[in-house]
Structure formats: C-alpha cells, structure tokens
Amino acid sequence: MNILITGGAGYVGGSCLRYLAAKTDHKVVAFDDLRQGHAEAVDGNQLVLGDIADTALLVKTMRDNDIELVMHFAAASDVAESVAKPEYHYDNNVGGTLSLLNAMREAGIDRIVFSGTSAVYGESQNEPMTEDTPKLPCCPYARSKLAVEWMIEDFADAHGLGYTILRYFNAAGADTDGRYGEAHDPEFHLIPVILQCCLGQRDKLYVFGSDYDTPDGTCIRDYVHVEDLATAHLKALERMTSTSREIFNIGSGSGHTVLEVIEACRRVTGMEIPFELSPRRPGDPTLLVANGDRIRSKLDWAPKHGLEAIVESAWKWHQSHPNGYGAS
C-alpha cells in the first residue's frame, strides 16, 4: 500500500513512518513543512516539503505516488500556545485538515487514519476514559482537534470516507536504538523538559499546579511510548476499509502525577531534579487516563513500554543528541 503521512517528519509521525518503512512493504511518503518537523527524522524515506494548506500540492503528491491511504499527523499541538494564539491552531489544524480532505476527494483517496488526542475529553470526570466519555475540551488546541474529528465524520457521511481516529494520551519516549527522539523548539512536553534540567540546559523545572484533586496535588497523565503508538497505527491501517468508522484510545491505562514522573526521571538518571511549584496553566485538565478495552479487543494491541522504559529511551536520546537533530 502507498501511504501519505502528513507531519511525517515530526515526533510521532516520524516514528510511525520509520516503523512502517522498516517493518512492512508499504511505501511511505512524508509530507511536512518542517516548521516543527526535522528532515533527519524521515530516515532517508521520501519527503515532500509543503504546507497542508496547499491543496494543489497535496493532490499532485497523492497522484504522483499513487497514494491509497493518508495518515494525518500534521498539527500545531502546544497547549499554552493555543491559549495565546487560538487563530493559529484553528487555521493550522482545522483549516489544514479541510485542505487535506478536499485534496483526498480530488485525488480519489477514501481512507484516513487521524492522529487525535485525549485532550478532547478535557475535564470529564470519567476515569479511565472510554471512547464514549463526554467531550469537554478545555483549550483551543483540544477544541480544534475535536472539530477535526467532526469534520472527518461529516466527510464520511457525505462522501463515503473511511476513517480511523486514534486518540493518543501522552506520547513519550524515543526510538529504542537511540537514533531518533523528541526535539521541539521550544520544548513543552514534561519528560524532555525534565531531562533538559538533567543536562544543565534549564536551571529548574516549573510544576504547573499543585492543588489538583490528585494524591500529590499535581495533574495526572497516561504516558505511551512512540514505538507502541507506531504498532497501533499499523494494526489500524491493516484493518481499515473505505467503510471504516472507528475511534480508539491509545494509552497504557495507568496514570502518573507530575511528581511521579520527576521521581522516575531521578531514578533513571541518578540526578536530583530541582523544581518549583507554580500556578496552574490555563487549559490543563486534572486527569487524562485511557480505558483501552476497545483497542485491545478489536486490534489486539497493548503497550509494551512502561514509564521507566519510556524515560530510559528518552534519556538515551537526549544524552546523545542534547541539541536535537543535526547536532550532538
């Protein structure tokens, strides 16, 4: 199968692209504007440099490569940025996806796997969260991603599009060979920020919120390794047809507080990690933990990496690539 991967030079998109290229006979083509992605992450596979808002270039890329299925990762994902600049997130995430769906229609492609997010559940009180948990997104990023889900569903109803939506919980870790990992500028994900403190690149860590209704007052998240995410994507695309209408959570089913993640990083690195308790950030829900019963039963998928293994892989990457891609 010929697969177009938007955001294929990004953190999760690149991990899935490399996994499919290495483990299957599928042809993969990355489409990325490199605003957040890195050409090195494509690992020598085909990369088309472009913005998903460029519908004509998308159509040309799809036709030139006989694309049969799209895996859609391209999105702005910084929660704090979305609060400050909601227009950017709606333009990029919603507007960009509309461009992609229109291009798929023009090129005759009728299957999409969408990189969704657990953030759509927001402040819902269900724990763990099933795919049917009420959606209460509490930041523009999450609302933009939920809007994309609705748009995909509407295109499916109107135009016969088959879709699988994969709602990730917290993607984390690095490839176990240490060659590829997380590299944002600026970095905004918890584990790499902690490890930057260990490398002396930050004086201390700011823990946003210590008054949540959790065992230690810090918010709880469910961490899933990027290689586990890649295996879930393979299982999803191999199950897909042009009539698929499926949504799956991807998480471990175990939640960890911020302070528990700090402690896991301390154990792995052997370093003390200075931190300062700070006020909550707008848009951060108290708890996001997956119920993974549906994906286990329908896709026979379960994560293989726990929190400690996730941190170990990330630490290996950050030690060998302290300045990200292109520098060591």
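About the thresholds
Residues numbered from 1 in each chain as written. Predicted model: local features only at pLDDT ≥ 70, side-chain atom pairs only at ≥ 80, totals over all residues. Heavy atoms only, no water. Helix = DSSP H or I, 4+ residues; strand = E, 2+ residues; numbered from the N terminus. Rg over C-alpha atoms; globule rule 2.2 N^0.38 Å. Buried < 20%, exposed > 50% of the residue type's maximum accessible area, 1.4 Å probe, protein only. Contact = heavy atoms within 4.5 Å. Salt bridge = Lys/Arg side-chain N within 4 Å of Asp/Glu carboxyl O. Phe/Tyr/Trp six-rings, centres within 6.5 Å; stacked < 30°, edge-to-face > 60°. Lys NZ or Arg CZ within 6 Å of the ring centre and 35° of its normal. Expected span 1.5 Å × (residues − 1). Pairing = 2+ DSSP bridges. Axes fitted to C-alpha atoms, helices over the stretch in contact; angles between N-to-C directions. Parallel < 35°, antiparallel > 145°, perpendicular 65-115°, else oblique. Left-handed = near helix turned anticlockwise from the far one by under 90°. Nonpolar A, V, L, I, M, F, W, Y, C, P; charged D, E, K, R; others polar. Core = buried A, V, L, I, M, F, W, Y, C linked by side-chain atoms within 4.5 Å. Polar contact = N/O pair within 3.5 Å; in protein donor to acceptor, adjacent residues only side chain to side chain.

Draft legend 1. Region of interest: the overall build of the protein. For the protein, the helix and strand inventory stands at ten helices and 14 strands. Taken against the 2.2 N^0.38 rule, which gives 20 Å for 328 residues, the C-alpha radius of gyration of the protein at 19 Å falls within 12% of a compact globule. Across its three principal directions, the C-alpha atoms of the protein cover 55 × 45 × 40 Å. Looking at the protein as a whole, 56% of its 328 residues qualify as buried. Within the protein, contacts between residues separated by at least 24 positions form 78% of all contacts whose residues are at least 6 apart in sequence.

Draft legend 2. Representation of the pattern of salt bridges. For the coordinates displayed, the defined rule picks out 16 salt bridges. Asp-175 is paired through a salt bridge with Arg-18; the nearest N and O atoms lie 3.1 Å apart. Separated by 157 residues along the polypeptide, Asp-175 in the loop between strand E7 (170-172) and helix H6 (190-198) and Arg-18 in helix H1 (residues 11-23) bring together distant segments of the chain. The exposure class assigned to Asp-175 is buried, which follows from its relative accessible area of 9%. One salt bridge in this structure joins Asp-284 and Arg-281, with 2.9 Å as the shortest N-O distance. Overall, the relative accessible area of 34% leaves Arg-281 in the partly exposed class. What emerges from the salt-bridge pattern is a single network uniting Glu-263, Arg-266, Arg-267 and Glu-308.

Draft legend 3. Structural view of the packing of aromatic side chains. Evaluated as defined, the whole model comprises three aromatic pairs. Ring centres of Tyr-180 and Tyr-325 lie 6.4 Å apart, and the angle between their planes is 40°; on these two criteria the pair is classed as tilted. Placement of Tyr-180 in the loop between E7 and H6 and of Tyr-325 in the segment after helix H10 (307-320) is noted, with a sequence separation of 145 residues between them. We classify Tyr-180 as buried; its relative accessible area is 6%. Looking at Tyr-325, the relative accessible area reads 15%, which means it is buried. Cluster of aromatic residues (ring-pair linked, three or more members): Tyr-180, Trp-317 and Tyr-325. Taking the ring centre of Tyr-180 as reference, the NZ or CZ of Arg-18 above it sits at 4.1 Å. The ring of Tyr-212 carries the charged tip of Arg-280 above its face, separated from the ring centre by 3.9 Å.

Draft legend 4. Focus on helix H7 (residues 226-239). Its 14 residues give H7 an end-to-end C-alpha distance of 20 Å, which sits within 8% of 20 Å, the value for a rise of 1.5 Å per residue. Of the positions making up H7, those classed as buried are Val-226, Asp-228, Leu-229, Ala-230, Ala-232, His-233, Leu-234, Ala-236 and Leu-237.

Draft legend 5. Layout of the pairing of strand E11 (residues 245-250). Most of E11 sits out of view: five of its six residues are buried. Here six bridges tie strand E6 (residues 162-168) to E11, and the two strands are oriented parallel to one another. Looking across to E11, one finds that Arg-167 is bridged to Asn-249.

Draft legend 6. Layout of the packing of H6 against helix H8 (residues 258-269). Remark: H6 packs on H8, axes separated minimally by 10 Å, with the N-to-C direction vectors making an angle of 45°. Compared by their axis directions, H6 and H8 come out oblique. The handedness of the crossing between H6 and H8 is right-handed. Listed contacts from H8 to Leu-190, Ile-191, Ile-194, Leu-195 and Cys-198 of H6 are Val-258, Val-261, Ile-262, Cys-265 and Thr-269. Taken together, the residues of the contact of H6 with H8 sort by class into nine nonpolar, one polar and no charged.

Draft legend 7. Quick peek at the packing of helix H2 (residues 55-64) against helix H4 (residues 86-107). Running from N to C, H2 and H4 point in directions that differ by 45°, and their axes come no closer than 9 Å. Regarding the angle of H2 to H4, the classification is oblique. As for the relative orientation of H2 and H4, their crossing is right-handed in sense. Within the contact between the two elements, H2 uses Thr-55, Leu-58, Val-59, Met-62 and Arg-63 and H4 uses Ser-99, Leu-100, Asn-102, Ala-103, Met-104, Glu-106 and Ala-107. Taken together, the residues that form the contact of H2 with H4 break down as seven nonpolar, three polar and two charged.

Draft legend 8. Representation of the nonpolar core. Residues Ile-5, Val-12, Leu-20, Met-71, Leu-237 and Ile-250 are the most contacted members of the largest nonpolar core, which totals 32 residues. The set of elements that each furnish at least two residues to this core consists of strand E1 (2-6), H1, strand E2 (27-32), strand E4 (69-72), E6, H7, E11 and helix H9 (293-299). Here this core gets seven residues from one element, more than from any other, and that element is H7. Once you skip the residues sitting within four places of it in the chain, Val-12 turns out to touch Phe-73, Tyr-168, Ala-171, Val-226 and Leu-229. Core analysis: the second largest hydrophobic core is formed by 27 residues, Val-48, Ile-109, Phe-114 and Ala-156 among them.

Draft legend 9. How the structure looks around the environment of Thr-243. One can find Thr-243 in the loop between H7 and E11. The spacing of Thr-243 and Leu-161 is 82 residues in sequence and 6.8 Å in space, taken between C-alpha atoms. For Thr-243, the side chain forms a polar contact with the side chain of Thr-241, separated by 3.0 Å.

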